[in-house]
Amino acid sequence: MIKFHPEAPMLLSFVAGTLPASVSVIIASHVEMCSHCQQEVQQLTEQAANACFGESPVTSMTDTHSERVDDEPSAFDFEDELDSSELSMLEAITAALPEIPPTENGVAAVEDKEIEVSGVRFKVPRALRSIEIRQFQGLGKLSRSRLSLEDGALRTSLLHIDKGGSVPTHTHKGFEVTLLLQGSFEDEMGTYHAGDFIWLDGKHTHQPVTKTGCVCLTVSSDAIRFTKGVSQLLNPIGQFIY
């Protein structure tokens, strides 16, 4: 069961097409996996369409989302630190729509795309299928692929952590958004499963650990900062590894 979702103001900005491209992509990927957010996006889209024709104003959804209510930014936080999204409202909404199954007339569904890393296969979200996924690079139980998505200072990546793996204790100089695509992991703040949408920033310090292995889609605005043990020696090059 998906427990963590984007906040209502963020979904409103997503529908309006005012988010950075990489953030729109990760929200679209979450919406694809989450029936609850699909319904909210559909309702917000209908409200936006009505507003365009002068029928009714756009209103935000009732806040029924993530337990981390105070940790996520409002719909306007991006305006002060990031450029506006390169995705149009139409592109963002289209990326979020669920796939259409084949019809009796033989219309083909969108073909599923799977990739493999460290012997694990996983389904690629629709929003990523037109984006180049570069070769995975591994270090121990961690493997990362940087996506070819130009979006200012933001970096979009796929991260695979093998069974029993972890990321050393760290905090964040900017923000980091994580969408769990497959598997599960846990940290000091909770346990996460496929579909969970997690927003972290400098107020959070954690050590993600996975027993089963996991695949995540991440968007980061700045380097992480390791806070314990010998891993702190990597901090001087942190800007190059986020």
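Numbering of residues begins from 1 in every chain and follows the order in which that chain's sequence is written. Confidence filtering applies because this is a predicted model: local features only for residues at pLDDT of at least 70, side-chain atom pairs given and counted only at 80 or more, and all residues used for totals across whole chains, interfaces and linings. Side-chain measures were taken over the full set of non-hydrogen atoms in the model, leaving aside hydrogen atoms and water.

Attention now moves to the pattern of salt bridges. Any Lys or Arg side-chain nitrogen located within 4 Å of an Asp or Glu carboxyl oxygen qualifies as a salt bridge. The full count for this structure, using the stated rule, is 3 salt bridges. A salt bridge links glutamate 114 to arginine 121, with the nearest nitrogen and oxygen atoms 3.2 Å apart. The salt bridge partner of lysine 203 is aspartate 201, with a shortest N-O separation of 3.0 Å. Among the residues examined, aspartate 201 registers a relative accessible area of 14% and is labelled buried. To sort residues, take the accessible area from a 1.4 Å probe on protein chains only and compare it with the maximum for the residue type: under 20% means buried, over 50% means exposed, and anything in between is partly exposed.

Let us look at the environment of phenylalanine 4. Only DSSP runs of H or I covering at least 4 residues are called helices, and only runs of E covering at least 2 are called strands; the numbering of each starts at the N terminus. Tracing the backbone through its elements, the reader meets phenylalanine 4 in the segment before helix H1 (8–16). On the accessibility criterion, phenylalanine 4 (4% relative accessible area) is buried. For phenylalanine 4 and tyrosine 192, which are 188 residues apart along the polypeptide, the C-alpha to C-alpha distance reads 8.2 Å.

Right, let's get into the pairing of strand E7 (residues 176–187). Burial within E7 is extensive, with 9 of its 12 residues counted as buried. At least two bridges found by DSSP between two strands are what make those strands a pair. Examined bridge by bridge, E7 and strand E9 (residues 197–200) share 4 bridges and lie antiparallel to one another. Looking at the pairing, leucine 179 lines up with phenylalanine 197 of E9. Two elements, E7 and strand E10 (residues 214–220), share 7 bridges in a ladder whose sense is antiparallel. Bridge pairing in E10 places leucine 179 opposite leucine 217. For E7 and strand E8 (residues 190–193), the ladder comprises 4 bridges, and the chain directions are antiparallel. Paired with glutamate 186 across the two strands is threonine 191, which belongs to E8.

All we've got here are geometric facts, nothing functional implied.
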